[in-house]
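Structural overview for review
Each chain, written out:
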Amino acid sequence: MVKVTIDRENCTSCGSCWDLCPEFFEENPADHFSQIIEDCRTGGNPAEGEVPEDAEACVRDAAEACPVTVITVGE
Ligand code: SF4
């Protein structure tokens, strides 16, 4: 499964990732940075997760759209 990390501290809360891919990303209600939805997190970490196959394309689109390139998509 494809792994993803978000460098949350450098997120600018632009909203692109959760607009493009709400199946995987969401806005943290407290700090307003991007986080991974609960079901996809690794070890409960909101900054690290694994992408379900059907969300892979939109996760990659979101990573490309991130203006500060803080979303890393692994293999
Ligand atoms: S696209 Fe990047 S900067 Fe924008 S909310 Fe998502 S992680 Fe943050």
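A brief structural summary.

Here the focus is the site of the ligand. Close to the ligand lie 15 residues, the nearest being C11, C14, C17, S34 and C66. Considered class by class, the residues forming the shell around the ligand number 10 nonpolar, five polar and no charged.

A separate point is the nonpolar core. Among the nonpolar cores identified, the biggest contains 14 residues, and C17, C21, F24, F25, V59, A62 and I71 are the most heavily contacted of them. Those elements giving two or more residues to this core turn out to be β1 (2-6) and α2 (56-65).

At S13, a residue that is not glycine, the phi angle is positive and equals roughly 55°. Considering the arrangement of structural elements, one finds S13 in the loop between β1 and α1 (16-20). Phi is positive for H32, which is not a glycine, with a value near 70°. Assignment of secondary structure puts H32 in the loop between β2 (25-27) and β3 (34-36). Of the residues examined, H32 has 12 C-beta atoms within 10 Å and is grouped as exposed.

Conventions used here
- Residues numbered from 1 in each chain as written.
- Predicted model: local features only at pLDDT ≥ 70, side-chain atom pairs only at ≥ 80, totals over all residues.
- Near = placed C-beta within 6 Å.
- Nonpolar A, V, L, I, M, F, W, Y, C, P; charged D, E, K, R; others polar.
- Core = buried A, V, L, I, M, F, W, Y, C linked by C-beta atoms within 7 Å.
- Buried ≥ 20, exposed ≤ 12 C-beta atoms within 10 Å, placed from the backbone.
- Helix = DSSP H or I, 4+ residues; strand = E, 2+ residues; numbered from the N terminus.

Fair warning: the whole summary comes from geometry, so function is off the table for now.
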